[in-house]
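# Coordinate inspection notes
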Amino acid sequence: IYQWTEDQIKQCHKTNTGGKRCVTTYSYEKSWVWSPVDSNSFAHPLAHDNKNTDFADNVQSSGSIVAPALSVIMSQDGTPYGGFVLDSDLVSDIPFVNLASQLKSSAPPSNSSDNKWGSSKSLTPQMLHKHEGYLQTASESPEIGDLRIQITGQTAEVATACAVQQRIHGAS
């Protein structure tokens, strides 16, 4: 999620009277973060308001989701029918790639809404735009509250495997 973040640097010096004088300097920047940032706790919240933005209701708010691996099915015609399922050792040899870069782009969404998720409070595929290897809700320059999603997985245009075919119990 695109949010304001606050960094602080505290520097302390001894005074001539034996005491200590500390000065805290705050700096702010907009950046992509893993979870929502409460800007109300900032030293200067009015100039750096995250507008209580959060993830859409249908997006897990941990910031990172590891999806279970799907079965890898290889077939000559590219369909899952009549192919072969690879075991996990063979699957681990297929390279990891950023799959978002392989997706087709949709029409850019608008960056003009204070309520990113509308009345449904849900993220829909129509809200996402391919940009620099991510799917994101901003078409170009992100605004506070925009989301970006990176999708990685394993894929290969061509793979060769040498294996013994086994019938899986219960498979037709």
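Each remark here, short or long, concerns the structure printed above.
Procedures and definitions
- All residue numbers refer to positions counted from 1 along the written sequence of the respective chain.
- The predicted nature of this model means local features are confined to residues of pLDDT at least 70 and side-chain atom pairs, given and counted, to a pLDDT of 80 or more, with totals for whole chains, interfaces and linings taken over all residues.
- Where side-chain values are given, they derive from all heavy atoms of the structure, hydrogens and water being excluded.
- In this description a helix means any DSSP run of H or I spanning at least four residues, a strand means any run of E spanning at least two, and both kinds are numbered starting from the N terminus.
- Between buried and exposed lies partly exposed: a residue is buried under 20% and exposed over 50% of the maximum accessible area for its type, with that area taken using a 1.4 Å probe on protein chains only.
- It only takes one pair of heavy atoms within 4.5 Å for two residues to be counted as in contact.
- Classification of ring pairs rests on two measures: the distance between centres of Phe, Tyr or Trp rings, Trp counted by its six-membered ring, which must be within 6.5 Å, and the angle between planes, read as stacked under 30 degrees, edge-to-face over 60 and tilted in between.
- Look at NZ for Lys and CZ for Arg. If either is within 6 Å of the ring centre and within 35 degrees of the ring normal, a charge sits over the ring.
- Any two cysteine sulfur atoms within 2.5 Å of one another count as a disulfide.
- Polar contacts, as used here, are pairs of N or O atoms within 3.5 Å; protein pairs need one atom able to donate a hydrogen and one able to accept it. Residues neighboring in sequence count only if both atoms are side-chain atoms.

Helix and strand counts for the protein chain stand at one helix and nine strands. Mapped from its N terminus to its C terminus, the protein chain presents α and β elements in the order β-β-β-β-α-β-β-β-β-β. Every one of the 172 residues in the protein chain was classed for burial, and the buried ones make up 22%. Of all intrachain contacts in the protein chain linking residues separated by at least 6 positions in sequence, the fraction that spans at least 24 positions is 57%.

Applying the stated criterion to the full structure yields two aromatic pairs. Relative to Phe42, the ring of Tyr28 lies with its centre 5.5 Å away and its plane at 55 degrees, an arrangement referred to as tilted. On the criterion of sequence distance, the pair formed by Tyr28 in strand E2 (residues 20-32) and Phe42 in the loop between E2 and strand E3 (73-74) is long-range, its members being 14 residues apart. The pair Tyr28 / Phe42 is uniform in exposure class, with both members buried. Over the ring of Tyr134 we find Arg148; its NZ or CZ atom is 4.1 Å from the centre of that ring.

Turning next to the state of the cysteines. Any covalent bond linking the sulfur atoms of two cysteines counts as a disulfide. The full count for this structure, using the stated rule, is one disulfide. Bridging Cys12 to Cys22, the disulfide has an S-S length of 2.0 Å. Judged by the torsion about the S-S bond (105 degrees), the Cys12/Cys22 disulfide is right-handed. Taken together, the positions of Cys12 in strand E1 (residues 2-14) and Cys22 in strand E2 put the pair ten residues apart, joining distant regions of the chain. For Cys12, a relative accessible area of 35% gives the class partly exposed.

On to the side chain of Asp146. With respect to the helices and strands, the residue Asp146 is situated in the loop between strand E7 (134-136) and strand E8 (148-149). Asp146 sits in the buried class, given a relative accessible area of 0%. For Asp146, the side chain forms a polar contact with the side chain of Thr137, separated by 2.7 Å.

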